[in-house]
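Structural characterization, general
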Amino acid sequence: MASASSSSSYSNSPCAACKFLRRKCLPDCIFAPYFPPEEPQKFANVHKIFGASNVSKLLNEVQPHQREDAVNSLAYEAEARIKDPVYGCVGAISVLQRQVIRLQKELDATNADLVRYCNEGIPNSTNLGRRNNNSNSNNNNLGEGGGGGFYYPPPSSSSAWSNEQ
């Protein structure tokens, strides 16, 4: 009876890594603090992209206070690689950078309109309606949630994605 109780002394459920790898989760398991049993997909993604052996080596080489950040970075990159195998999180960063550039151009144009309106006076609703009707070809550049047609790209820019800054 004593041997039965000693073999089950570590009766907590195994971490997601040990469960995935189908091995016994020991009390000093390097994965246990970072891959809880409630998050099995987190380890599955990391294992698929990086491999359990590489992750184990990395965690052993990293200072203990940096391990959680390292695991979070690995999990984020693994999820991004599964969604976009070629670019991973770099693809997401690139999309966000292009969006920032587009929104900055939109903000600059809106600020220029505000300055012009403050200097010339706000146009009445008839002029505004006429301007919107004349600029229907530019409404495709409004982006999601367009903002009611108040963004008018400058005539010199050929595209929202041009390399000009």
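Starting from 1, residues in each chain are numbered consecutively following that chain's sequence as written. For a predicted model such as this one, the threshold for reporting local features is a pLDDT of at least 70, and the threshold for listing and counting side-chain atom pairs is 80 or more; totals across whole chains, interfaces and linings nevertheless cover every residue. Note: side-chain values were computed over all heavy atoms of the structure, leaving out hydrogens and water.

A run of H or I in DSSP counts as a helix once it spans at least four residues, and a run of E counts as a strand once it spans at least two, with each numbered from the N terminus. Of the regular secondary structure elements, the chain holds seven helices and zero strands. In the chain, the succession of α and β elements from N to C terminus is α-α-α-α-α-α-α. Relative accessibility decides the category of a residue: with a 1.4 Å probe and only protein chains considered, values under 20% of the type maximum give buried, values over 50% give exposed, and everything between is partly exposed. The buried share of the chain, reckoned over its 165 residues, is 28%. Between two residues, a contact is recorded if the distance between any of their heavy atoms is within 4.5 Å. Long-range pairs, those at least 24 residues apart, make up 47% of the contacts in the chain between residues at least 6 apart in sequence.

Let's shift gears to helix α3 (residues 40-50). What α3 keeps buried is the set Lys42, Phe43, Ala44, Asn45 and Val46. A positive phi of about 90° marks Gly51, the residue just after α3.

Turning to the state of the cysteines, a few remarks are in order. Any pair of cysteine sulfurs within 2.5 Å is marked as a disulfide. Enumeration according to the criterion identifies zero disulfides in this entry. Cysteine Cys29 shares no disulfide, and the gap to the nearest cysteine sulfur, in Cys18, comes to 3.6 Å. Relative accessible area serves as the criterion here: at 11%, Cys29 is assigned to the buried category.

This paragraph deals with the packing of aromatic side chains. Two rings from Phe, Tyr or Trp (for Trp, the six-membered ring) form a pair when their centres are within 6.5 Å of each other. A pair whose planes differ by under 30 degrees is stacked, one over 60 is edge-to-face, and the rest are tilted. This model, assessed by the stated rule, comprises four aromatic pairs. Ring centres of Phe31 and Phe43 lie 5.4 Å apart, and the angle between their planes is 65°; on these two criteria the pair is classed as edge-to-face. Remark: Phe43 occurs in helix α3 and Phe31 occurs in the loop between α2 (16-21) and α3; sequence separation between them is 12 residues. The exposure classification of Phe31 matches that of Phe43, with both residues buried. Aromatic side chains Phe35 and Phe43 sit 5.1 Å apart centroid to centroid with 80° between the ring planes, which places their arrangement in the edge-to-face category. With respect to class, Phe35 is no different from Phe43; both count as buried. Three or more aromatic residues link up through ring pairs in this structure, and these residues are Phe20, Phe31, Phe35 and Phe43. The criterion is that NZ of a Lys, or CZ of an Arg, lies within 6 Å of the ring centre and within 35 degrees of the ring normal, and then a charge sits over that ring. In this structure, Arg116 is placed above the aromatic ring of Tyr117, and the distance from its NZ or CZ to the ring centre is 5.5 Å.

One non-glycine residue, Arg22, lies in the positive phi region at around 55°. Its location among the elements puts Arg22 in the loop between α2 and α3.

For the purposes of this section, nonpolar cores are sets of buried Ala, Val, Leu, Ile, Met, Phe, Trp, Tyr and Cys residues that join through side-chain atoms within 4.5 Å. Ranked by size, the top nonpolar core spans 19 residues in total, and within it Cys15, Phe31, Phe35, Phe43, Val46, Val55 and Leu59 carry the most contacts. Ranked by residues supplied to this core, first place goes to helix α5 (residues 67-83) with four residues.

A few words on the UniProt feature "coiled-coil region" (unreviewed entry) in the chain. UniProt positions are given in the numbering used here, feature names are shortened, and annotations may be inferred rather than shown by experiment. Feature annotation in UniProt places "coiled-coil region" (unreviewed entry) on residues 93-120, given in this structure's numbering. What you have in residues 93-120 is 100% helix and 0% strand, and the ends, taken at the C-alpha atoms, are 40 Å apart.

Right, let's get into the packing of helix α4 (residues 52-61) against α5. The N-to-C vectors of α4 and α5 enclose an angle of 150°; their axes lie 9 Å apart at closest approach. Relative to α5, the element α4 lies roughly antiparallel. The crossing of α4 and α5 is right-handed. Side by side, α4 and α5 meet where Val55, Leu58, Leu59 and Asn60 of the first sit next to Arg67, Ala70, Val71 and Leu74 of the second. Side-chain classes are defined by residue name, with Ala, Val, Leu, Ile, Met, Phe, Trp, Tyr, Cys and Pro counting as nonpolar, Asp, Glu, Lys and Arg as charged, and the others, Gly among them, as polar. For the contact of α4 with α5, the residue count by class is six nonpolar, one polar and one charged. Under this scheme, a helix contributes an axis fitted over its contacting stretch, all axes are lines through C-alpha atoms, and angles between N-to-C directions fall in the 0 to 180 degree range. Here is the rule for angles: anything less than 35 degrees is roughly parallel, anything more than 145 is roughly antiparallel, 65 through 115 is roughly perpendicular, and the remaining ranges are oblique. Take the far helix as the reference: if the near one is turned anticlockwise from it by less than a right angle, the crossing is left-handed, and if turned clockwise, right-handed.

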